[in-house]
Amino acid sequence: MLRRSRVYLRQVVNLMARRPGLFCGAILLSVLLVLAVKFTCSRAKNVVAQAPAPVRFFAADAPVVDLYLGQLEQVERLRAIAEVSLVFFYAPWCAHSMSGRDQLQHVAQRLGKEVLFVAVNCWWNQGKCRRQKNFYQYPVIHLYYRRFGPIEYKGPFTALYVERFIQKVITPLTYLSSRAVLKDFLSYHEPGVVGFFEFNSSPQPPGYITFLSSALQALKRDFQGVVRFGVVTDRRVAEAISVQDDETVYLHRHFNSSLIFPRWERNFTAEGICGWVFQHRESVLPWVPSTGAKSRGLEQELLKGPALLLFLPHDPLAANHPLQEQIADIAVRYHSCCEDSISRDTDGLDRLPRVPPGPLCCNTLVLPGWSSVSGSAQNVCELCLNRSIGPAVSLDGTGIGDRGGSRRCSVLELEAALESYLRHLSVSGGRLTPHAHTHSPPLLAPTCSNVRNTYSPFSHYSACCRPLLSEAGNRTRPSDESGGRPSAIEPPSSATPPFAFAPEADCPLGDGMAGLRCRTNKTLRFYLLDSHLHWELASRLGAIGNQNASDRMFVAIVDLEDETHYVLDHRGGLTESLEPFIQNFSTSHSHLKRHLVGDKRPQPSLSLIQEVTTDTFLDTVMDPKRDVLLLYYTDWCGFCSVLNHVLIQLARLLQNNSRLTVARVNVASNDLPWEFMVDHFPAILLFPRHRKQLSVKYPDDSRFTLPNLLRFVLEHTSDDPRPAKPTPRSSSSSSSSSSSSSSSPVGGSSGARSLLEVELSVLRGEVRTLHRARGRLSQQLAGVWRERRALALHARALATENGELRQRGDLLEELRREKSRELGEAVRRLQDLADASQGLLAENTVLKVLLAALRERGGGGGVGGGREAEEIGNQEVS
């Protein structure tokens, strides 16, 4: 066999020697195949490193069971042995989880004996919690009260709020043992729900368990537990709220009738009771929830109308909150509408002839003809009409007598009341005084008159006018009986309303807050916010940030519809100034000033463009000695940032002009008066000196380029066109000047000549400024031309290099094609060689078979027959 292999290799070598090209191609192909196999097998595979094994998240000495391997099955076992349990789902990498861990450890040290605290790592991929729970954020707190749960906590992750929520879960019901305790329970402004259950028949009546579950169900909706649940077991205590039947649920309300849960209409279930309570509850002073994440809850409340936001420091664990109770009392009186809608004034209006009650409507009118009283051409009066006799029927025939509350008067009713009122003034001598039998103070008093209805002779109107502010913003005193002149009263401060609404007939006398919500169109909604959590919002509304955390208080009225907000100055006491602040806002012509919030960061003093803020806006823009070019921009406006370089170039050109200021204002960070606002950004306004009221806006259809902007500035800036005021002179000097002017024929033209010389010097200065600007522009254009030429040369060099690269690419492509052709020829030759080798192998096999046959045939023929067969085989091989 060795000899046969050598013969075969010798034949192959002879064939390669005769055809060397085929041999070289075979070698090249073999090398390429080896490289391809090696490259394919040596590529790096995508290997994901295994996550490190989790470790304890809580401290070892913390009273928290830390299931850091995500053993969710152990949570059920631990919950079964505890009455109240808290489960804290966390992710070890989450910063909020780390912050909540510190707060939860503090709470666990205080309530560890009453509550079981369990923490579960819900991020470990091999844990059961990760496979079964799908949380969108971490951490998540679930509380369980026996078998009820989970109750998810949705409040801020602070120790005080979490502990308060746990305490409410521990004691969801308040036991009301006596009438005094029940009265104190219902005296709070928060909604109160009382359940009456007799424990005589069984230790726990079935309805009691349902009522307890409804209290826990309410905590799912409101983590602060604003709705308070109490239970009464004594029938005598329940009779204080007119409850006699067992298993009765009573909802106490301050403004409307209290309700009994209708078991004949609704299912007596925990969900049914909770839904019924939240549907019919009264929210006088709600809290704005803080979830610790982005939320649109406050925006949804502000869209309902004007809102009074009270930022107060709140301690959830405190037993009493005196300041909040005082504010709640103000809110209750504000919302408490009295039954009778006849308005009376504390200065004697109640002693006017009484008229039967009817629907009241008020509107504000401008009354002419009071110049003899107030010293001004017009005064503002709130005219109130009260239908006194007969059914109240509107112009369209529909009844309005049973509507109650305030409404808007029709035009015909106001015209009739105004005519009668003016007639009453003319009869009384043009003085704003009430009827003779009243004893009013010297201030303006309300005046009433009876008006007969045009469409019904059997009905009348009682028209009462209360003077408000005049156009100048001052109230006036009428002339006293001695005939003295009327004296103006100083405008009231923010703590004293210019006009306080008179309370209604059944309201406490002298209380202007009672029922104010029903007597004004500017209904306020009260909201409480914790200043520890929402002080950033208070700072954006204008609060001062250098106060102590425990003393931070801020009050503001926000009106999104009017895009305004007002800030209360509570330096004299919060509760003392809050009522006048609300009354001032509720008046028809409120004198409260819109609060403007500006950027308090220090601005650079020396710069080409002056940065204007809310505090410096009027001083900068209204400077009578300087022309001001003002750019309105915002941070989110992309076009504003693109146009900054044009404004900088303009400022560089005109930096030597001492009478021009180039400024800009960030409208997103600085509130401006309405008269100085623009409708889009960017916008440019020019305020010329001495003519600030004639501000000019840069045309919107003009391109924002340096030549156009410079032309705009030069076109609308000029000297003061106002003539100089003549100075007072004595008679002798005037006579001498007149004589000298008459004697000199050219004396009259000297003033005009000096004025022309001044104007000529100013024009020369502007021409010099333009020449300097032209020189700077020429230099810039020359630099631009040089840069353009350099760019052209560079582009030409790049084009030449690109052509050379293309030629090299063509040569390489031709070489590649040639090599590909040679490689194909080598492959073909190797294929021929392989076919020849296959034929030789087949012939060798046939010879082996023949040799074997010959040996078998001449097995007994001796050695000679074997040699003969071998010689024949060698001849065949050769």
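Cut-off values and rules
- Residues numbered from 1 in each chain as written.
- Predicted model: local features only at pLDDT ≥ 70, side-chain atom pairs only at ≥ 80, totals over all residues.
- Heavy atoms only, no water.
- Helix = DSSP H or I, 4+ residues; strand = E, 2+ residues; numbered from the N terminus.
- Buried < 20%, exposed > 50% of the residue type's maximum accessible area, 1.4 Å probe, protein only.
- Contact = heavy atoms within 4.5 Å.
- Areas by Shrake-Rupley, 256 points an atom, 1.4 Å probe, with all protein chains shown as cover.
- Salt bridge = Lys/Arg side-chain N within 4 Å of Asp/Glu carboxyl O.
- pLDDT = per-residue confidence, 0-100.
- Axes fitted to C-alpha atoms, helices over the stretch in contact; angles between N-to-C directions.
- Parallel < 35°, antiparallel > 145°, perpendicular 65-115°, else oblique.
- Left-handed = near helix turned anticlockwise from the far one by under 90°.
- Pairing = 2+ DSSP bridges.
- Disulfide = S-S within 2.5 Å.
- 1 Å grid on protein atoms, 1.4 Å probe; cavity = no way out; pocket = protein on both sides within 12 Å on 5 of 7 lines; lining within 4 Å.
- Points joined across faces, edges and corners; volume = space filled by probe spheres on them.
- Nonpolar A, V, L, I, M, F, W, Y, C, P; charged D, E, K, R; others polar.
- Arc of directions from axis to C-beta.
- Core = buried A, V, L, I, M, F, W, Y, C linked by side-chain atoms within 4.5 Å.
- Phe/Tyr/Trp six-rings, centres within 6.5 Å; stacked < 30°, edge-to-face > 60°.
- Lys NZ or Arg CZ within 6 Å of the ring centre and 35° of its normal.

### Side note on the overall build of the protein chain
Logical step 1: Of the regular secondary structure elements, the protein chain holds 23 helices and 24 strands.
Logical step 2: For the protein chain, buried positions account for 39% of its 878 residues.
Logical step 3: Sequence separation of at least 24 residues holds for 71% of the intrachain contacts in the protein chain that already meet a minimum separation of 6.
Logical step 4: Summed over its atoms, the accessible surface of the protein chain is roughly 51,700 Å², and 54% of this surface lies on carbon and sulfur atoms.

### Overview of the pattern of salt bridges
If charged atoms from side chains of opposite charge come close, those side chains can pair.
Logical step 1: Applying the stated criterion across every chain, the model contains 24 salt bridges.
Logical step 2: Across the pair R146 and E83 runs a salt bridge, and its minimum N-O distance is 3.0 Å. Pair noted here: R146 is in the loop between β4 (140-145) and β5 (148-152) and E83 is in the loop between α3 (73-80) and β2 (84-90), with a separation of 63 residues, a long-range link.
Logical step 3: For R228, the salt bridge is made with E190, and the minimal N-O distance between the two is 3.8 Å.

### Description of the confidence of the model for the protein chain
Logical step 1: Here the protein chain averages 76 in pLDDT, and 69% of its residues register 70 or above.
Logical step 2: Taking the mean pLDDT of every element in the protein chain, the minimum, 36, falls on helix α13 (residues 371-374) and the maximum, 95, on β2.
Logical step 3: Below pLDDT 50 for its whole length, residues 340-358 participates in 57 contacts with residues either more than four positions away or in separate chains.
Logical step 4: Segment residues 468-506 is flagged for pLDDT under 50; beyond a separation of four residues in sequence, or across chains, it makes 102 contacts in the model.

### A short note on the packing of helix α4 (residues 95-111) against helix α6 (residues 159-170)
Logical step 1: It is at 9 Å that the axes of α4 and α6 come closest, and there the two elements cross at 45 degrees. The orientation of α4 relative to α6 falls into the category oblique. Like other packed secondary-structure pairs, α4 and α6 cross with a definite hand, here right-handed. For the pair α4 and α6, the contacting residues are Q103, H106, V107, R110 and L111 in the first and A159, V162, E163 and I166 in the second.

### Some thoughts on the sheet that holds strand β6 (residues 174-175)
Logical step 1: Pairing in this open sheet of 5 strands is mixed, and the strands run β6-β8-β7-β9-β10 from one edge to the other. The sheet is open, and its two edges are formed by β6 and β10 (259-260), each paired on a single side.
Logical step 2: Here strand β9 (residues 248-252) pairs with β10 via 2 bridges, running antiparallel. Residue pairing for β10: L251 is matched across the bridge by L259.
Logical step 3: Its contacts with the sheet place helix α7 (residues 179-186) against β6, β7 (192-196), β8 (228-232) and β9, and it is angled at close to 150 degrees to β7.
Logical step 4: Each of β7, β9 and β10 is contacted by helix α10 (residues 270-280), which is oriented at about 20 degrees to β9, the strand it contacts most.

### A closer look at the state of the cysteines
Logical step 1: Scanning the model with the defined rule gives 1 disulfide in all.
Logical step 2: One disulfide bridge connects C122 with C129, the sulfur atoms lying 1.9 Å from each other. With the S-S bond torsion at -85 degrees, the cross-link from C122 to C129 turns out left-handed.
Logical step 3: With a relative accessible area of 0%, C122 lands in the buried category.
Logical step 4: Taking relative accessible area as the criterion, C129 reaches 0% and is therefore assigned buried.

### What to know about empty space enclosed by the protein
Logical step 1: Within this structure, the stated rule accounts for 7 cavities of 30 Å³ or more.
Logical step 2: Of the voids in this model, the second largest cavity is the one considered here, and its volume is about 50 Å³.
Logical step 3: Lining the second largest cavity, in full, are H189, E190, P191, V226, R281, E282, S283, V284, L285 and P286.
Logical step 4: Classifying every residue of the lining of the second largest cavity by side-chain character gives 5 nonpolar, 2 polar and 3 charged.

### Quick word on the sheet that holds strand β24 (residues 696-697)
Logical step 1: Reading across from one edge, β20-β22-β21-β23-β24 is the order of the 5 strands in this open sheet, with mixed pairing throughout. A single partner strand is all that each edge strand has here, and the edge strands are β20 (610-612) and β24.
Logical step 2: Note that strand β23 (residues 683-687) and β24 share 2 bridges and pair antiparallel. Paired with L686 across the two strands is V696, which belongs to β24.
Logical step 3: Along the sheet, helix α19 (residues 644-653) makes contact with β21 (627-633) and β22 (660-666), crossing β21 at roughly 165 degrees.
Logical step 4: The sheet strands contacting helix α20 (residues 706-716) are β21, β22, β23 and β24, and the helix crosses β23 at an angle near 25 degrees.

### Re α7
Logical step 1: Among the residues of α7, L182, F185 and L186 are the ones counted as buried. Across the axial projection of α7, the buried residues extend over an arc of 90 degrees, all falling on one side. Along α7, exposed side chains directed more than 90 degrees from the buried face belong to A180 and K183.
Logical step 2: Taken together, the buried residues of α7 touch β6, β7, β8, α9 (235-238) and β9.

### Concerning the pairing of β22
Logical step 1: Most of β22 is tucked away: 6 of the 7 residues are buried.
Logical step 2: With 3 bridges joining them, β20 and β22 adopt parallel strand pairing. Each bridged residue has a counterpart across the sheet, and for E611 the counterpart in β22 is R664.
Logical step 3: Note: β21 against β22, 7 bridges, orientation parallel. Residue pairing in the sheet places L631 in a bridge with R664 of β22.

### Observations concerning the pairing of β23
In summary, the side chains of a regular strand alternate between the two faces of the sheet.
Logical step 1: Counted residue by residue, β23 has 5 buried out of 5 residues, so it is predominantly covered.
Logical step 2: Here β23 shows a buried face lined by A683, L685 and F687 and a second buried face lined by I684 and L686.
Logical step 3: Where β21 lies against β23, 5 bridges are found, and the strand directions are antiparallel. Residue pairing for β23: V628 is matched across the bridge by F687.

### A few points about the nonpolar core
Logical step 1: In terms of nonpolar packing, the biggest core is built from 49 residues, with L86, F88, F117, I166 and V169 touching the most fellow members.
Logical step 2: No other element matches helix α8 (residues 206-221), which puts 7 residues into this core.
Logical step 3: Residues within four places of I166 in sequence aside, it is in contact with L86, V107, L111, V115, F117 and L143.

### Side note on the environment of P63
Logical step 1: Of note, P63 is situated in the loop between α2 (20-41) and β1 (65-67).
Logical step 2: Exposure remark for P63: the relative accessible area of 35% places this residue in the partly exposed category.
Logical step 3: Put simply, P63 and R110 are 47 residues apart on the chain and 9.7 Å apart in space, counted from C-alpha to C-alpha.
Logical step 4: Discounting residues that sit within four places of it in the chain, P63 has contacts with A108, Q109 and F117.

### Notes on the packing of helix α12 (residues 322-335) against helix α16 (residues 574-586)
Two quantities define a packed helix pair, namely the angle between the helix axes and the distance between the axes.
Logical step 1: Two elements in contact, α12 and α16, have axes whose closest approach is 10 Å; the angle formed by their N-to-C orientations is 25 degrees. Overall, the two elements α12 and α16 adopt an arrangement that is roughly parallel. Both α12 and α16 take part in a crossing whose hand is right-handed. For the pair α12 and α16, the contacting residues are L323, Q326, I327, I330, R333 and Y334 in the first and L574, T575, L578, E579, I582 and S586 in the second.
Logical step 2: Residue composition of the contact of α12 with α16, grouped by class: 7 nonpolar, 3 polar and 2 charged.

### Examining the packing of aromatic side chains
Two measures describe an aromatic ring pair: the distance that separates the ring centres and the angle between the ring planes.
Logical step 1: Summed over the entire model, instances satisfying the criterion amount to 26 aromatic pairs.
Logical step 2: When the centroid spacing of 6.1 Å and the interplanar angle of 85 degrees are considered together, the rings of W636 and F681 count as edge-to-face. Of the two residues, W636 sits in the loop between β21 and α18 (638-642) while F681 sits in the loop between β22 and β23, which places them 45 residues apart along the sequence.
Logical step 3: The interplanar angle of 85 degrees and the centroid separation of 5.3 Å between the aromatic rings of Y698 and F712 together place this pair among those described as edge-to-face. Of this pair, Y698 sits in the loop between β24 and α20 while F712 sits in helix α20; the two residues are 14 residues apart in sequence, bridging distant segments of the chain.
Logical step 4: According to the relative accessible area criterion, Y698 is buried, its value standing at 6%.
Logical step 5: Against the face of Y144 rests R79, its NZ or CZ located 3.9 Å from the ring centre.
Logical step 6: Note that R594 overlies the ring of W674, its terminal NZ or CZ placed 3.9 Å from the centroid.

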